[in-house]
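Examining the three-dimensional arrangement
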Amino acid sequence: MTELDLGLKAISRRLLWRMGFSTRIDVVLRALRVTAPPTSRTARAQLRGAAPEAFTDLDVLGIAVTSSAGVRSSIVDCKTGGSSIISRMFWLRGLADFFEADDAYMVRDRAISKDARQLASRLHLKALTESEVTSLEKVHQQTLPLESAPLSLLFDPDYIARVIARTSKLDRRLDPLLDYRQFDYWVYPEHRNLIEMVEVLNGAKGALDGNSPIHTGILIDCAWLYVLSAAHCLSYLRAVHISDLSYGLSEYLAGGTAQLNQKRDLANLLEQLRDTKQIPEKVKVSVNPRYFAELLELLIRLLRRTEALTDVLRVLEFQSTMSIGGDKVPAERAFGNQYNRVAAKLAVDVVAFLVAAADLDPTFTSTTRELLIGTDPEALAQTEALTPKAAAPSQSNGGSTVADNPAIRASGNEASIALELGIDDDT
């Protein structure tokens, strides 16, 4: 990454913000890490320490969530210098199709020929010079104070470089979490990320310090990814299981009806083995993750406020960047009169869920709450009233319903339990 590239990425990020997106810079797409152990000594030696091969990367990614929980994405390719723009356009078309992006932009620091613009049109790409990005920004009126600090720091190349640099020299024990956040998240099957994120955070809990601003920023960034995964899940639930969210979530986490049935059959078999003492009695058998009820409750909260999800992503993006950059800036001050208190509260809810589910230091939650919604007791009470706690189902009593919306039910019936196979801590 060159400094000139970073300048184009910064203005592209600002354009996407003006268009209503939340963003990420430098999303690397690569192969999944091989988890099955090689059988030969030579193969094991070759695999040891080898990173999966990177396919390519997205310079800037924009994400927005519609009021129906649909996820819209835009990607931007930024390039300086005299490389072939024609061949790069064909590459970008393939990348947009691979990532299933709704829009793809090419931003260059020099003139784009008329012939290249013809090709861009035929490939359904947007081709812009640096000055044209600035012109396009003026088309999108923005009420957020994007030109004023601290929000303007998101679009400052030096500050972006500083944030990237501060995450490159951390405790090696955090490498699995950083790898997942940077690489693996983007190639995992989407339904797996709601579980995988919690497990990866739990694996890193010994190295995560709730008093570290950088660690807090990384956790908030993980919450950004989790909101994106939640949006995909909510889109699925709204489409096919709005009347039985509990079952729908079980099915989504399993990857489909057939996979859920297979897991139930396996769970039944293990229960029989446990009952006949062929496996230890303390082996727990379940199909759903241990935090299923809390996850369902969180999703119901987000479902009620899908129109705020893009603002949730934006406030998380800002706060993650500031924390990693070492600046403690309340979100309300940064967003000014456009501060969305509901979005900030939902963002805190997501962080609190991850902290509890992954058994992390509770300091993470209190710090994030202070940054996003402040510490004034009256303001906190008003915010809590805006996002009342949803009635999550009980897996033992047949479940309860979301009181204020009979169409949104969390049945919590017997058929929906389990997917996790675990062993008691004292086993």
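Helix and strand content of the protein chain: 17 helices and nine strands. Expressed as a percentage of the 427 residues in the protein chain, the buried residues total 50%. Across the protein chain, the fraction of contacts at a sequence separation of at least 24, relative to all contacts at a separation of at least 6, is 74%. Accessible surface, the protein chain as shown: approximately 19,500 Å² in total, 51% of it carbon and sulfur.

Let's shift gears to empty space enclosed by the protein. In this structure the tally under the stated criterion is one cavity of 30 Å³ or more. In this structure, the largest cavity occupies an estimated 30 Å³ of space. If you trace the largest cavity, you find it lined by Asp 57, Leu 58, Asp 59, Ile 75, Val 76, Asp 77, Trp 91, Leu 92 and Leu 95. Contributions of two or more residues to the lining of the largest cavity are made by β2 (54-65), β3 (71-79) and α3 (85-99). Here the residues of the lining of the largest cavity are counted per class, giving six nonpolar, no polar and three charged.

Now for the layout of surface pockets. Sizing a probe to match a water molecule and rolling it over the atoms shows the empty space that remains. Looking at the largest pocket, its volume works out to about 620 Å³. Elements that contribute at least two residues to the lining of the largest pocket include exactly β1 (22-30), α6 (157-166), α7 (175-182), α9 (213-240) and α13 (309-325). Here the residues of the lining of the largest pocket are counted per class, giving 14 nonpolar, six polar and nine charged. For the second largest pocket, the calculated volume is near 400 Å³. In terms of lining, the second largest pocket is formed by 14 residues, of which the most central are Phe 99, Glu 100, Trp 186, Glu 190 and His 232. Elements represented by at least two residues in the lining of the second largest pocket include exactly β3, α3 and α9. Looking at the lining of the second largest pocket, the element that brings in the most residues is β3, giving three residues. Tallied by class, the residues present in the lining of the second largest pocket amount to nine nonpolar, two polar and three charged.

What follows is about the side chain of Asp 184. With respect to the helices and strands, the residue Asp 184 is situated in the loop between α7 and α8 (193-203). Once residues lying within four places of it in the same chain are set aside, the contact partners of Asp 184 are Arg 30 and Asp 179.

Ranked by internal contacts, the top residues of the largest apolar core, which has 108 residues, are Ile 75, Met 89, Trp 186, Leu 201, Tyr 226, Leu 316 and Phe 335. Here this core takes 16 residues from α9, the largest share from any one element. Filtering out sequence-adjacent residues up to four positions away, Phe 335 remains in contact with Trp 17, Leu 144, Pro 145, Leu 151, Arg 314, Val 315 and Phe 318. Leu 8, Leu 15, Val 60 and Ile 160 belong to the second largest nonpolar core, which has 17 residues in total.

Now for the packing of α7 against α9. Packed helix pairs are specified by the crossing angle of their axes together with the interaxial distance, meaning the distance between the axes. Between α7 and α9, the shortest axis-to-axis distance is 11 Å and the interhelical angle comes to 35°. For the element pair α7 and α9, the recorded crossing hand is left-handed. Contacts between α7 and α9 involve Leu 177, Leu 178 and Arg 181 from the first element and Ile 218, Asp 221, Cys 222 and Leu 225 from the second.

Under the 1.5 Å per step criterion, the end-to-end length of α3 is 20 Å for 15 residues, consistent within 8% with the ideal 21 Å. For α3, the complete set of buried residues consists of Ile 85, Met 89, Leu 92, Arg 93, Leu 95, Ala 96 and Phe 99. Angular distribution of buried residues about the axis of α3 spans 165°; they occupy a single face of the element. Packed against the buried residues of α3 are β1, β2, β3, β4 (103-108), α4 (114-122) and β5 (126-129).

A few words on the sheet that holds β3. Spatial ordering of the open sheet is given by β1-β2-β3-β4-β5, a layout of five strands whose pairing is mixed. One side of each edge strand has no neighbouring strand; the edge strands of this open sheet are β1 and β5. Each strand of the sheet is rotated relative to its neighbour by a mean of 30°, with strand direction disregarded. Of the pairings in the sheet, the one linking β4 to β5 comprises four bridges and is parallel in character. The residue of β5 that forms the bridge with Val 107 is Leu 128.

Enumeration over the complete set of coordinates arrives at 26 salt bridges. The residue Asp 77 makes a salt bridge to Arg 108 at a minimum N-O spacing of 3.0 Å. Here Arg 108 lies in strand β4 and Asp 77 lies in strand β3, a separation of 31 residues in the sequence. A residue is classified by how much of its surface remains accessible, and Arg 108, at 4% relative accessible area, is buried. What emerges from the salt-bridge pattern is a single network uniting Arg 14, Arg 18, Glu 137 and Glu 147.

It is worth spelling out α13 at this point. The end-to-end C-alpha separation of α13 is 24 Å, in line with the 24 Å expected for 17 residues at 1.5 Å each. Counting buried positions over the 17 residues of α13 gives 16, a clear majority of the element. With its phi angle positive at about 90°, Gly 326 sits one or two positions after the end of α13.

As for its placement among the helices and strands, Gly 210 is situated in the loop between α8 and α9. By relative accessible area, Gly 210 is classed as buried at 2%. Linking Gly 210 and Thr 365, residues 155 residues apart in sequence, is a C-alpha distance of 8.5 Å. What Gly 210 contacts, discounting residues up to four positions off in sequence, is Thr 216, Asp 361, Thr 363, Phe 364 and Thr 367.

Conventions adopted
- Within each chain, residue numbers correspond to sequence positions counted from 1 in written order.
- Local features in a predicted model are, by the rule used here, given only for residues with pLDDT of at least 70; side-chain atom pairs are given and counted only at 80 or more, and totals for whole chains, interfaces and linings are based on all residues.
- Where side-chain values are given, they derive from all heavy atoms of the structure, hydrogens and water being excluded.
- Secondary structure elements follow DSSP: runs of H or I no shorter than four residues count as helices, runs of E no shorter than two count as strands, and numbering proceeds from the N terminus.
- For every residue, the accessible area (1.4 Å probe, protein chains only) is compared with the maximum for its type, and the residue is labelled buried under 20%, exposed over 50%, or partly exposed between those bounds.
- Here a residue-residue contact requires only that any non-hydrogen atoms of the pair lie within 4.5 Å.
- Only the protein chains shown count as covering a residue, and every accessible area follows the Shrake-Rupley method with a 1.4 Å probe.
- Grid points spaced at 1 Å and placed over the protein atoms alone form the basis of the search, with a cavity being a set where a 1.4 Å probe fits but cannot get out and a pocket an open set showing protein on both sides within 12 Å along at least five of seven lines. Lining residues have an atom within 4 Å of a point.
- Grid points are joined across faces, edges and corners, and a volume is the space filled by probe spheres set on the points.
- The nonpolar class holds Ala, Val, Leu, Ile, Met, Phe, Trp, Tyr, Cys and Pro. Asp, Glu, Lys and Arg form the charged class, and all remaining residues, Gly among them, are polar.
- Think of a nonpolar core as a cluster: buried Ala, Val, Leu, Ile, Met, Phe, Trp, Tyr and Cys residues, connected wherever their side-chain atoms sit within 4.5 Å.
- Here an axis means a line fitted to C-alpha atoms, over the contact stretch when the element is a helix, while the angle between two N-to-C directions is reported on a 0 to 180 degree scale.
- Should the near helix be turned anticlockwise from the far one by less than a right angle, the crossing is termed left-handed; should it be turned clockwise, right-handed.
- Multiply 1.5 Å by the residue count of a helix minus one, and that product is the helix's expected span.
- As used here, the arc is the angular range of directions from the helix axis to the C-beta atoms.
- Strands pair, by our definition, only if DSSP identifies at least two bridges between them.
- Every case where a carboxyl oxygen of Asp or Glu lies within 4 Å of a side-chain nitrogen of Lys or Arg is listed as a salt bridge.

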